[in-house]
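Observations on the model geometry
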Amino acid sequence: MQTPTATPDMAIEMHDVVTRFGSHVVHNGVNLAVRKAEVLAIIGGSGSGKSTLLREMILLQQPSEGSVRVLGTDLADINDDAALALRQRFGVLFQHGGLFGSLTVLENIGLPLREHRKMTDAEVDTIARAKLDAVGLDVKVGAQLPSELSGGMLKRAALARALVLDPELLFLDEPTAGLDPHSAAGIDALVRTLRDTLDLTVVVITHDLDLLWQVTDRVAVLADGKVQAVAAMAELAQSDNPAVRTFFEGPRARTAQTQAKTQVQPQAEALAGEPS
Ligand SMILES: Nc1ncnc2c1ncn2[C@@H]1O[C@H](COP(=O)(O)OP(=O)(O)OP(=O)(O)O)[C@@H](O)[C@H]1O
């Protein structure tokens, strides 16, 4: 199949992606384009293939058919050197953080710099501290072990590590899952700030209705093996498509929608951070 040519304004382009695990067809012709400097969420029911789609974007999995292009690079025939270079242009926040428990927070954040940049220890620490600050954590948190942090602080520390190579693209897998509402609101505000100040493109998998309403520019709805719709939440809320309507029905969905409409100030202004 002829691979479609890259579009300069797009950070990610997926064309006719099919993903099979044995006889189980998870994606059956996914088409999705993520614009540069937008926050795009992928939503869908459990097992609809959100995580698999993300894994295909971050070079952890190959689709069975179709093409995936990330930052202009076609992933189909990428060689090891090009894959290494591309990996340094995106950061990933995995659902469970993925920090090494035996390293301090600062050491964890500095790890990608030690792996990919020729820097002295002092230079690594200086950049790692700046990233701690950027995610709203006090410098003294750097000396702590991950096990000593609250859930919200852990997410922030993992986010600092994902940002340490100054990526153009950030992938977030359920960044607010398991957090209390105050900590989740802090992460929402942080993602917005990162997008606004760093011009980052952000792809986020989430079920969090507050995050969807208050942070995203557009939302892609995955169901029945395809992207059913891609639009801003306010537009999706008007959709007649039953696969889309599912996300706007029920009391929690209505509360989040009402809050989004009535909120004058973004909740938990910018980098308020969590109580330690
Ligand atoms: N490596 C694999 N081998 C076999 N089946 C897999 C594999 N990875 C994912 N699947 C299957 O693909 C389907 C989609 O999984 P995926 O984790 O992408 O869904 P999801 O939308 O992220 O779900 P959730 O919201 O529950 O995390 C599931 O049925 C899952 O069991």
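Residues numbered from 1 in each chain as written. Predicted model: local features only at pLDDT ≥ 70, side-chain atom pairs only at ≥ 80, totals over all residues.

If you check an unreviewed UniProt entry, the protein chain appears there as ABC transporter ATP-binding protein from Rhodoferax saidenbachensis.

**Structural notes on unusual backbone geometry**
Inclusion rule: Helix and strand assignments follow DSSP, with helices taken as H or I runs no shorter than four residues and strands as E runs no shorter than two, numbered in order from the N terminus. Counting other C-beta atoms within 10 Å of its own, a residue is labelled buried from 20 upward, exposed at 12 or fewer, and partly exposed in the gap between, with every C-beta atom placed from the backbone.
Phi angles above zero are rare outside glycine, and aspartate 16 is one such case at about 50°. Its place among the elements puts aspartate 16 in strand β1 (residues 10-21). In this structure aspartate 16 comes out as partly exposed when scored by C-beta crowding, with 15 C-beta atoms within 10 Å. One non-glycine residue, alanine 37, lies in the positive phi region at around 65°. Considering the arrangement of structural elements, one finds alanine 37 in the loop between β2 (24-35) and β3 (39-44).

**Remarks on the pairing of β3**
The criterion, for reference: A pair of strands is considered paired only if DSSP assigns at least 2 bridges between the two.
Among the six residues in β3, six count as buried, and that is most of the element. Burial along β3 is two-sided: the face carrying Val39, Ala41 and Ile43 and the face carrying Leu40, Ile42 and Gly44 are both buried. Across four bridges, the pairing between β3 and strand β8 (residues 201-205) is parallel. Looking at the pairing, valine 39 lines up with valine 202 of β8. Note that β3 and strand β9 (residues 218-223) share five bridges and pair parallel. Paired with isoleucine 43 across the strands is valine 221, a residue of β9.

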